[in-house]
Amino acid sequence: MSRAMLTEDEHRPRYSVGQAAEILRTRPRFLHRLDTYEVVRPSRTPGGHRRYSHHELGRIRRVIQLAQEGITLTAIRHIVALERRVRELEAQRDAAWERLTERESRQTRRRRTRVPPL
């Protein structure tokens, strides 16, 4: 199975609130609060029911760890947003580094082609 298929499957909304709560060993009300505080935004069915993906369950596990350490949901929302921003900036940095490396590689190839043979 390709990586794209795994990622797509990971993000497929499949678990109801009750199923997610059971998997995570938490209460459905806690999951509702995460949605209210916009810490995790589950998908919605046409009828308005929440559906969680495997990826979101992983994020909720992280939130549960933070909450168990005594961090408030408001603070967790900020932490989650900052972590997301760090990932975005890291991706931008990596892309810029790749462009720079490619540019330097092209310049090196051009310089080699301009040097007259001995």
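Anything mentioned here points back to the structure above.
For the structure given in this document, a descriptive report is provided here.

About the criteria used
Residues numbered from 1 in each chain as written. Predicted model: local features only at pLDDT ≥ 70, side-chain atom pairs only at ≥ 80, totals over all residues. Heavy atoms only, no water. Helix = DSSP H or I, 4+ residues; strand = E, 2+ residues; numbered from the N terminus. Buried < 20%, exposed > 50% of the residue type's maximum accessible area, 1.4 Å probe, protein only. Contact = heavy atoms within 4.5 Å. Areas by Shrake-Rupley, 256 points an atom, 1.4 Å probe, with all protein chains shown as cover. Arc of directions from axis to C-beta. Salt bridge = Lys/Arg side-chain N within 4 Å of Asp/Glu carboxyl O.

### A look at the overall build of the protein
And step 1. The number of helices and strands found in the protein is 5 helices and 2 strands.
And step 2. Ordered by position from N to C terminus, the α and β elements of the protein give α-α-α-β-β-α-α.
And step 3. Expressed as a percentage of its 118 residues, the buried residues of the protein come to 20%.
And step 4. In the protein, 54% of the contacts between residues at least 6 apart in sequence involve partners at least 24 apart.
And step 5. Taken as a whole, the protein presents about 9,100 Å² of accessible surface, with 52% of it coming from carbon and sulfur.

### Considerations on unusual backbone geometry
The phi angle of most residues is negative, glycine excepted, and most peptide bonds adopt the trans form.
And step 1. Positive phi is not limited to glycine here, since arginine 25 has a value of about 55 degrees.
And step 2. For arginine 25, a relative accessible area of 78% corresponds to the exposed category.
And step 3. For glutamate 38, which is not glycine, the phi dihedral falls at a positive 60 degrees.
And step 4. Of note, glutamate 38 is situated in the loop between helix H3 (28-36) and strand S1 (43-44).

### So, helix H2 (residues 17-24)
And step 1. Turning to H2, its buried residues are Val17, Ala20, Ala21 and Leu24. In a view along the axis of H2, the buried residues occupy a sector of 100 degrees, so they form one face of it.
And step 2. On the buried face of H2, the contacting elements are H3, strand S2 (50-51) and helix H4 (54-68).
And step 3. One or two residues past the end of H2 sits arginine 25, with phi positive at roughly 55 degrees.

### Regarding the pattern of salt bridges
And step 1. Taken as a whole and assessed by the stated rule, the structure comprises 9 salt bridges.
And step 2. Here arginine 62 makes a salt bridge to glutamate 83, at a shortest N to O gap of 2.5 Å. Placement of the pair is arginine 62 in helix H4 and glutamate 83 in helix H5 (residues 73-114), with a sequence separation of 21 residues.
And step 3. Connected via shared salt-bridge partners are Asp35, Arg41, Arg44 and Arg50.

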